[in-house]
Amino acid sequence: MSDGQNIGFGDHSFSVAVYIAKPPPMPEYTHMDGLYPLINEQINTINQACGNGWRKVFNVYAKVLFALPSEYYCFAKKTHTWQQYRDQYLLQELSQTALLFSPPKLSAGNTLHIIAGRTHAKNLLNQGLLEAELDWLDGEFAIDKANKLIVCPYFDYRQLSNLKIARLSQLVAKCLESS
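The notes below deal with the structure included here. (Residues numbered from 1 in each chain as written. Predicted model: local features only at pLDDT ≥ 70, side-chain atom pairs only at ≥ 80, totals over all residues. Heavy atoms only, no water.)

We now examine the pairing of strand β2 (residues 16–19). The alternating pattern of β2 places V16 and V18 on one face and A17 and Y19 on the opposite face, and all of these are buried. Relative to strand β4 (residues 97–100), β2 runs parallel, the two being bridged by four bridges. When the sheet's bridge partners are listed, A17 is paired in β4 with A98. Bridging between β2 and strand β5 (residues 112–116) involves four bridges; their strand directions are parallel. Each residue of the ladder has a partner; that of A17, found in β5, is H113. (Buried < 20%, exposed > 50% of the residue type's maximum accessible area, 1.4 Å probe, protein only. Helix = DSSP H or I, 4+ residues; strand = E, 2+ residues; numbered from the N terminus. Pairing = 2+ DSSP bridges.)

With that out of the way, let us pick up the sheet that holds β4. One open sheet holds the eight strands; their spatial order is β3-β1-β4-β2-β5-β8-β7-β6, and the pairing between them is mixed. Two strands bound the open sheet, and with one partner strand each, they are β3 (35–36) and β6 (135–136). Across three bridges, strand β7 (residues 142–144) lies against strand β8 (residues 149–152) in antiparallel orientation. Bridge pairing in β8 links A142 to V151. Contacts between helix α2 (residues 52–67) and the sheet are confined to β2, β4 and β5, with β4 contributing the most and set at about 145° to the helix. Packing of helix α6 (residues 162–177) onto the sheet brings it into contact with β5, β7 and β8, and relative to β8 it is tilted by some 165°. (Contact = heavy atoms within 4.5 Å. Axes fitted to C-alpha atoms, helices over the stretch in contact; angles between N-to-C directions.)

A few words now on helix α1 (residues 42–50). Burial in α1 covers these residues: I43, I46, N47 and C50. Within α1, the buried residues cover an arc of 100° as seen down the axis, which keeps them to one side. For α1, the exposed residues lying more than 90 degrees away from the buried face are Q48 and A49. Of the surrounding elements, those touching the buried residues of α1 are β1 (8–10), α2 and α4 (82–88). (Arc of directions from axis to C-beta.)

Below, the structure is given as structure tokens:
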């Protein structure tokens, strides 16, 4: 991975970025060197090749976007269901979303940064790849309001249940109110 460059899937003009440790284990994603918008059916192709774990990542990401406060984000206004949003917009060009495998590049902009997984966040901190003042609210959630950064459980139904997605949405509102 190159220093300072966003590596992953999504729109170059993202307003929401989710960070996870590794790309899908497929040859075409082994040596990614930039940010690439997904195209129709690419999520389904990844799901079929990589199994249920990746299906959960994409499903939970769409559910999170659908749950974000509507006064700040319009993702839920684009389609009737999170499933339609996932299939028609998620990580595609003009979606304003990104799934990144590179460390967060925090700035004073309006981008919301979500690190999926406490272990991933702590690894980034320990490696000096993340400079943030995280306020750990409990063993699963942390927030850095100044950088619009939230750490939450990994994007898996068992770890990030609907109840925890609702909590994440509340933390997003809290984070954005202060900006």
